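Analysis of the macromolecular model
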Number of protein chains: 2
Amino acid sequence: DLVDQSHLRNMDKELIFEGLKRMYRKKILPLEESSKFPHFHSPSLNPADFEAKPMVLIVGQYSVGKTSFIRSLVGKDFPGQRVGPEPTTDRFTAIMYGEDEGVMPGHALAMQADQPFRSLQQFGNNFLSKFEGSVVNSPILRNITLVDSPGVLSGEKQRIGRDYDFSAVISWFAERADLIVVMFDAHKLDISDELKMVIDTLKPHHDKVRVLLNKADAIDTQQLMRVYGALMWSLGKVMQTPEVCRVYIGSFWDAPLANLENALLLEREKRDLIEELMGLPDNAVVRRINELVKRARSVKVHAYIIHYLRKQMPYLYKKEEKQAELIARLDQEFVACARRYSLPLGDFPNVGKFKRKLREIRDISKFSKLDKSLVAEMDKVFTHEIPRLMERAQRGGHSATPSPQ
Amino acid sequence: DLVDQSHLRNMDKELIFEGLKRMYRKKILPLEESSKFPHFHSPSLNPADFEAKPMVLIVGQYSVGKTSFIRSLVGKDFPGQRVGPEPTTDRFTAIMYGEDEGVMPGHALAMQADQPFRSLQQFGNNFLSKFEGSVVNSPILRNITLVDSPGVLSGEKQRIGRDYDFSAVISWFAERADLIVVMFDAHKLDISDELKMVIDTLKPHHDKVRVLLNKADAIDTQQLMRVYGALMWSLGKVMQTPEVCRVYIGSFWDAPLANLENALLLEREKRDLIEELMGLPDNAVVRRINELVKRARSVKVHAYIIHYLRKQMPYLYKKEEKQAELIARLDQEFVACARRYSLPLGDFPNVGKFKRKLREIRDISKFSKLDKSLVAEMDKVFTHEIPRLMERAQRGGHSATPSPQ
Ligand SMILES: Nc1ncnc2c1ncn2[C@@H]1O[C@H](COP(=O)(O)OP(=O)(O)OP(=O)(O)O)[C@@H](O)[C@H]1O
Ligand SMILES: Nc1ncnc2c1ncn2[C@@H]1O[C@H](COP(=O)(O)OP(=O)(O)OP(=O)(O)O)[C@@H](O)[C@H]1O
Ligand SMILES: [Mg+2]
Ligand SMILES: [Mg+2]
């Protein structure tokens, strides 16, 4: 059974998540708060951000079969589901596990503390009324959460029809997703300018992107090769990475294959895709650890930047002039700060964005003093705790302790 | 029988070629000679350039199976043929029809007036000693001539091993070829920098380029999809045309397929490729007409440029200064000339190259005067003779005149 291939027992996973949560709360969060990290970067994390199931985001032109694919994964119709030949899905839907099936409206879902959707509130009412949760009692959802999205339309329709920032929302989900599935229809391949923009948005996350060439069962092998070849030809140019993106070829819904000429291939491809989806929970553990390390490094650098700027502020007079001066030559200040505290320049944030955020601070000297013992505590995270968790995550089910029968 | 699908009877073709030759000699060549067109552009054409069979150039990394492919097309070993796992073919070989089989050395072949290879002499002894003809009595060679090429090597080997300008030679053949086949080996796909340069050289001729993904029979369908996908991904970026290049997938030699999983596909692909090769003679007729029109347009514009520059030269004094002045502002002269004689600017040659060639002329005023009746004669080529030939070529075998049984 595919679902059982997971090598990390659930108990192990929960222990690791608990460890991450504790580490974050005790060692990282204090430094984030004293240096106002959330103002400059991203909101502090909630417990839900650690526990959240791996999320799979599904995007693509309208009618390529996104909703039908999700339906086939969950194995039944889900609340709020709409499938049809014209543009049908008009909202982002998080399809999540639950015993009591039903739809949960976007505003309510974005308020829940135990869900990772709170920061979606930044996109406002227009977006939240196009967002909902669909709670389904389906086994696959115990392991992953699926996110259905409205089909990308072409030209004016896309621009006029959406009264929220579609790209920014896609970006939000893409950043948090463990896998991003971009679907294409083998019968109409054209990559519209709007879809190109969406793919551009996904670029920072290209290692998480997979492509499905859907509805590939109605054409013969030679046509399939032409369509698939044309897709790869364009994708290579649009995605611009040297590594070739994994493309799964198939018909990703429940109906039997329309044409058996490529049955063997399509079945193997579907099996591989399901296998990748089933492996997400294990990979998610490693990914969460990685993300926390990345965040901790940013927090450390951020705290030192604030410290370094604050130290240069005068006690009484000409505070404003000095602050303006520091902002103006912020790039040089970054270099000096990196040298002073032996921090890698590569960990420093974007200068332009940091300047903008800094201008919103009235008086840098009001920041609280850097407590170096907090930094020392956090450094232990890198040197001791993370390596230990990492080892545990990788050892996984292959640990020497006997597993209960 | 595939060989019989040609819709132009040989008699028609010969009539058309005779027409083109006569037209060129009577209407275009006189203007070329009086305006020194060959000095600025390319050598005047020989009768052989019209009659030459469609040429198919085969290129690719070493050991991809170029020579084996040619062997399978001609249906027997050909004189001078060498096949092997290391870099084997060390020369350009024109595989041509003839009753008396044998090898013809490059120097001799490039001297023959009835062959289209005369202008290869520009590449000198080093090249000519790496060039040969292989005369074979094989039916397919009645319709096309095949050109085998030495495999592209990687890195230093390519640069050091070749004591002639490899790219320039590829360019020469590519320009004259009716089809350019770029071969890849499904087992090792890497596109080396050297191969990238060769593909760059082929860019102006991208409509004639076809790709063969060779040795595709030993892998299963999923592997084949991955390899083929990776090839398209890279080719799209290297070739940079929006139109997708036709890629034939198969095992293009005589041995039976190593694995039957994709037998149907590979057989259909081979059939399509053979069909395209067999259709070349018909297409070649239209292509030759097109090329002659293109050349005639260039000749006309060239003759007017010379005329326009010559007119501005003083009779006696300060010739050199004036000539230098004209060359310095040649781009403006082109614009003025185009306006004066209602010539499309798009037909004008590259300014930089024209300047270089012009500097080699001692005195522009020594050019002979433009005989406008020659231009009028040539204009008739466009308005009357070409359309008539074109119609004949396209009507082809479907003409209303009863064909002899
Ligand atoms: N694998 C498939 N093969 C053939 N047809 C399919 C397949 N999957 C879905 N369809 C059909 O394609 C149409 C669009 O399907 P669906 O609504 O799932 O697409 P969608 O991508 O969710 O569209 P939208 O962006 O408008 O929400 C429907 O008519 C559906 O029945
Ligand atoms: N379709 C094929 N499938 C498997 N092996 C092949 C195929 N065609 C050729 N080979 C083998 O690959 C090797 C190279 O073949 P060949 O000499 O024809 O390549 P080539 O491209 O002409 O190489 P070079 O550039 O060195 O001249 C030989 O060992 C040959 O037997
Ligand atoms: Mg949908
Ligand atoms: Mg060879």
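Residues numbered from 1 in each chain as written. Chains lettered and ligands numbered in written order. Predicted model: local features only at pLDDT ≥ 70, side-chain atom pairs only at ≥ 80, totals over all residues. Heavy atoms only, no water.

1. Details of the coordination of the magnesium ion (ligand 4)
All names here are of chain B. Operational definition: Only nitrogen, oxygen and sulfur atoms qualify as donors, and only when within 2.8 Å of the metal (3.2 Å in the case of Na, K and Ca); with water excluded, sites may look incomplete. A run of H or I in DSSP becomes a helix once it reaches four residues, and a run of E becomes a strand once it reaches two; helices and strands are each numbered from the N terminus. Working definition: with a 1.4 Å probe on protein chains only, accessible area under 20% of the residue-type maximum means buried, over 50% means exposed, and in between means partly exposed.
For the magnesium ion (ligand 4), the full set of protein donor atoms is Thr67 (OG1) and Thr89 (OG1), at a range of 2.0 Å. With a gap of 22 residues between them, Thr67 in helix α4 (residues 66–74) and Thr89 in the loop between α4 and β2 (92–97) connect regions that are remote in the sequence. The two residues Thr67 and Thr89 agree in class, both being buried.

2. Quick notes on the packing of helix α11 (residues 263–311) of chain A against helix α13 (residues 330–340) of chain A
Residues and elements named next belong to chain A. For clarity, the cut-off: Angles run from 0 to 180 degrees between N-to-C directions of axes, and those axes are lines fitted to C-alpha atoms, restricted for helices to the stretch in contact. Note on terminology: angles under 35 degrees are roughly parallel, angles over 145 are roughly antiparallel, angles of 65 to 115 are roughly perpendicular, and the others are oblique. Throughout, a contact is declared for two residues whenever any of their heavy atoms are within 4.5 Å.
Where α11 meets α13, the axes come as close as 10 Å, and the angle between the chain directions of the two elements is 110°. By the angle between their directions, the pair α11 and α13 is classed as roughly perpendicular. Contacts between α11 and α13 pair Tyr304, Ile305, Tyr308, Leu309 and Lys311 from the former with Leu330, Glu333, Phe334, Ala336, Cys337 and Arg340 from the latter.

3. Quick notes on the environment of His187 of chain A
All names here are of chain A. As a reminder, the rule being used: Two N or O atoms count as a polar contact when they lie within 3.5 Å, although within protein this holds only if one can serve as hydrogen donor and the other as acceptor, and sequence-adjacent residues are included solely when both atoms are side-chain atoms.
Among the structural elements, His187 can be located in the loop between β6 (179–185) and α9 (193–202). Not counting residues up to four positions away in its chain, the partners in contact with His187 are Lys215, Ala218 and Ile219. A polar atom in the side chain of His187 sits 3.4 Å from the backbone oxygen of Lys215.

4. Considerations on the site of ligand 2
All names here are of chain B. Applied cut-off: The cutoff for a nearby residue is simple: one of its non-hydrogen atoms must lie within 4 Å of the molecule or strand. In this description, accessible areas are obtained by the Shrake-Rupley approach with a 1.4 Å probe, and a residue is regarded as covered only by the protein chains that are shown.
If you check the shell around ligand 2, you find 20 residues, and the closest are Ser63, Lys66, Ser68, Thr88 and Thr89. Ser63 places a polar main-chain atom, nitrogen or oxygen, 2.9 Å from an oxygen atom of ligand 2. Separating a nitrogen atom of ligand 2 from a side-chain N or O atom of Ser251 is a distance of 2.9 Å. Across the complex, the protein chains shield 87% of the 630 Å² of accessible surface that ligand 2 would expose by itself.

5. A short note on the sheet that holds strand β7 (residues 209–214) of chain B
All names here are of chain B. What counts, and what does not: At least two bridges found by DSSP between two strands are what make those strands a pair.
Read from one edge to the other, the open sheet built from eight strands follows the order β3-β4-β2-β5-β1-β6-β7-β8, with strand pairing classed as mixed. The sheet is open, and its two edges are formed by β3 (102–105) and β8 (247–249), each paired on a single side. With strand direction ignored, the average angle separating the axes of adjacent strands in the sheet is 25°. For strand β6 (residues 179–185) and β7, the ladder comprises six bridges, and the chain directions are parallel. The partner of Ile180 across the bridge, within β7, is Val209. In the packing of helix α8 (residues 166–176) onto the sheet, the strands contacted are β1 (55–60), β2, β4 (131–136), β5 (145–148) and β6, and the crossing angle to β1 comes to about 145°.

6. A few points about the relation of the copies chain A and chain B
Superposition of the two copies of the chain requires a rotation about an axis and a shift along the axis. Selection criterion: A residue counts toward the fit only if its pLDDT is at least 70 in both copies, and the copies are then superposed by least squares on the C-alpha atoms of those residues.
The two copies are related by a screw motion: chain A maps onto chain B through a turn of 180° and a shift of 0.1 Å along the axis, at an RMSD of 0.1 Å. The superposition operator between the copies reduces to a two-fold rotation axis. Interface overlap between copies: 100% of the residues of chain A at the interface are likewise at the interface in chain B, consistent with a symmetric, same-surface contact.

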